[in-house]
Amino acid sequence: MQLLDGKKLSNKIELQVSDEVKLLKEKCGCTPGLAVVLVGHDPASAAYVNMKKKACERVGIYSITHDMPENISQDAIEKIITNMNNDSTIDGILIQLPLPSQIDERRLLDLVSPKKDVDGFHPFNIGRLTTGLDGFVPCTPLGVMQLLAEYDIDVKGKNCVVVGASNIVGKPMSSLLLNANATVEICHIFTDNLKKHTLAADIILVGVGVINLIKEDMVKDDAIVIDIGINRNDEGKLVGDVDFENVKQKCSYITPVPGGVGPMTIAMLLSNTLKAAQVNSKERA
Ligand code: NAD
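The paragraphs below set out a description of the structure included in this document. (Residues numbered from 1 in each chain as written. Predicted model: local features only at pLDDT ≥ 70, side-chain atom pairs only at ≥ 80, totals over all residues. Heavy atoms only, no water.)

### A short note on the overall build of the chain
- Scanning the chain from N- to C-terminus turns up 10 helices and 11 strands.
- Dimensions along the principal axes, computed over C-alpha positions, put the chain at roughly 55 × 40 × 35 Å.
- Within the chain, contacts between residues at least 6 apart in sequence are counted, and of these 69% link residues at least 24 apart.
- Approximately 13,700 Å² of the chain is accessible, and the part contributed by carbon and sulfur atoms is 53%.
- Distance between charge centres in the chain, computed from 30 positive and 36 negative side chains, equals 4 Å. (Helix = DSSP H or I, 4+ residues; strand = E, 2+ residues; numbered from the N terminus. Contact = heavy atoms within 4.5 Å. Areas by Shrake-Rupley, 256 points an atom, 1.4 Å probe, with all protein chains shown as cover. Lys, Arg positive; Asp, Glu negative; His and termini not counted. Charge placed at Lys NZ, Arg CZ, Asp CG, Glu CD.)

As structure tokens, this is what we get:
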């Protein structure tokens, strides 16, 4: 069994992004800029935003956080997003999810300019992804694909079972795998007999949010297991959706939590922000 080390690869990507950011500053005097919208005081969201901010600092990306109260109105956030769409110092806009219930999440995501949509959640970019065209791809599944590539794992013709079908994880994960010529099955809460599906998988990719959902008897020998889940167990420890200690014995490759997909997500945000800045700088030239 080999660990797929997302921490190590994300460090390597950060160095590459950092070099590219320096080059861009030298060439056109532009500093890539990321704006983050954070609503309310959810501790997990605040922690993620903080990690993203620190990562930006490490690679020389300018970042600004719009910290908004829990009871903010739809109109007020929409005004901020419109301002950021028109702000030339901002190349990427990220709306930290989840949002409070009074906010129409879809309307906000649709308002972000597709050119600044570094999370890849705008229908324009989702459409480009499903048709295999270049665009912004959601950071978590993009990070998974890069991690697989780093270890020379070719998904072409492989049986891939994606567990979880959300717009930010499972669906874009499935599109990327399909674009790379994998055979893809998507399972979700209503899937009957999940084990039957996972047992047939060469690669299981799970992003659900249920501790120990994937157990040893659900994984075939030498399968590759990608754990996208992030949960806190009763002792407050970060764990994924896979019963890691038992499942790892059967796998050829597996991602740890923490240190697997999580750091890759942040690295992809940096890389998407850089990509947006590179395109914007060319358009301004
Ligand atoms: P979500 O709640 O939007 O979607 C969960 C999906 O899992 C749904 O499609 C649902 O049908 C499915 N599901 C729920 N219970 C199931 C079960 N028992 N069996 C099969 N399918 C089931 O969640 P999300 O935003 O997609 O996040 C999923 C997990 O991924 C969470 O743990 C989240 O913290 C994690 N996540 C990690 C990263 C990262 O960087 N590693 C990024 C985003 C989300």
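Moving on, there is more to tell.
### Thoughts on the site of the ligand
- Around the ligand sit 20 residues, and of these Ala165, Ser166, Ile189, Ile228 and Thr265 come closest.
- Here an oxygen atom of the ligand sits 2.8 Å away from a polar atom, N or O, in the main chain of Ala165.
- Contacts to the ligand include Ile189, whose backbone N or O atom sits 3.0 Å from an oxygen atom.
- Here the ligand, which alone exposes 860 Å², has 71% of that area covered by the protein.
- In terms of residue count, helix H10 (residues 261-284) provides more of the shell around the ligand than any other element does, three residues in total. (Near = heavy atom within 4 Å. Polar contact = N/O pair within 3.5 Å; in protein donor to acceptor, adjacent residues only side chain to side chain.)

### A short note on the packing of helix H6 (residues 139-150) against H10
- Contact geometry of H6 with H10 gives a least axis separation of 8 Å together with a crossing angle of 105°. Comparing the axis directions of H6 and H10 gives the class roughly perpendicular. Along its contact with H6, which presents Cys139, Thr140, Leu142, Gly143, Val144, Gln146 and Leu147, the element H10 presents Val261, Met264, Thr265, Met268, Leu269 and Asn272.
- A class-by-class count of the residues in the contact of H6 with H10 yields eight nonpolar, five polar and no charged. (Axes fitted to C-alpha atoms, helices over the stretch in contact; angles between N-to-C directions. Parallel < 35°, antiparallel > 145°, perpendicular 65-115°, else oblique. Nonpolar A, V, L, I, M, F, W, Y, C, P; charged D, E, K, R; others polar.)

### Re the state of the cysteines
- Within this structure, the stated rule accounts for one disulfide.
- Between Cys28 and Cys30 runs a disulfide, and the two sulfur atoms are separated by 2.1 Å. Because the torsion about its S-S bond is -135°, the bridge between Cys28 and Cys30 counts as left-handed.
- Classification of Cys30 as buried rests on a relative accessible area of 16%.
- Free of any disulfide, Cys139 has its nearest cysteine sulfur in Cys56, 11 Å distant.
- Unpaired in this structure, Cys160 has its nearest cysteine sulfur neighbour in Cys187, at a distance of 12 Å. (Disulfide = S-S within 2.5 Å. Buried < 20%, exposed > 50% of the residue type's maximum accessible area, 1.4 Å probe, protein only.)

### Focus: the pattern of salt bridges
- Applying the stated criterion across every chain, the model contains nine salt bridges.
- Among the ionic pairs, Lys275 bridges to Asp134, the shortest N-O distance being 3.0 Å. In this pair, Lys275 is assigned in helix H10 and Asp134 in the loop between helix H5 (123-130) and H6, connecting sequence segments 141 residues apart.
- You can call Lys275 partly exposed: its relative accessible area is 25%.
- On the basis of relative accessible area, Asp134 is assigned to the exposed category, the value being 55%.
- When the shortest N-O distance is used, the salt bridge between Lys248 and Glu245 registers 3.0 Å. (Salt bridge = Lys/Arg side-chain N within 4 Å of Asp/Glu carboxyl O.)

### Some thoughts on the packing of aromatic side chains
- Considering all chains together, one arrives at one aromatic pair under this definition.
- Ring geometry for Tyr151 versus Tyr253: centroids 6.4 Å apart, planes at 65°, classification edge-to-face. With Tyr151 in the loop between H6 and strand S5 (159-163) and Tyr253 in strand S11 (residues 253-254), the pair connects residues that are 102 residues apart, well separated along the chain.
- Looking at Tyr151, the relative accessible area reads 17%, which means it is buried. (Phe/Tyr/Trp six-rings, centres within 6.5 Å; stacked < 30°, edge-to-face > 60°.)

### Concerning helix H2 (residues 43-59)
- An ideal rise of 1.5 Å per residue puts 24 Å on 17 residues; H2 measures up with 25 Å between its terminal C-alpha atoms.
- Among all positions of H2, only Ser45, Val49, Lys52, Ala55, Cys56 and Val59 are buried. When H2 is viewed along its axis, its buried side chains cluster within an angular range of 120° and face the same direction. Across H2 from its buried face, at more than 90 degrees, point the exposed residues Pro43 and Glu57.
- Buried-residue contacts for H2 involve helix H1 (6-28), strand S2 (33-39), strand S3 (62-68), strand S4 (92-95) and H10.
- Positive phi appears at Gly60, one or two residues downstream of H2, with a value of about 85°. (Expected span 1.5 Å × (residues − 1). Arc of directions from axis to C-beta.)

### Describing empty space enclosed by the protein
- Considering all chains together, one arrives at one cavity of 30 Å³ or more under this definition.
- Here the largest cavity defines a volume of roughly 40 Å³.
- Ile93, Leu94, Ile95, Leu109, Val112, Asp117, Asp119 and Phe121 are the residues that line the largest cavity.
- Broken down by element, the lining of the largest cavity gets its largest block of residues, three residues, from S4.
- Per-class residue counts for the lining of the largest cavity are six nonpolar, no polar and two charged. (1 Å grid on protein atoms, 1.4 Å probe; cavity = no way out; pocket = protein on both sides within 12 Å on 5 of 7 lines; lining within 4 Å. Points joined across faces, edges and corners; volume = space filled by probe spheres on them.)

None of the figures reported here should be taken as evidence of function without further support.
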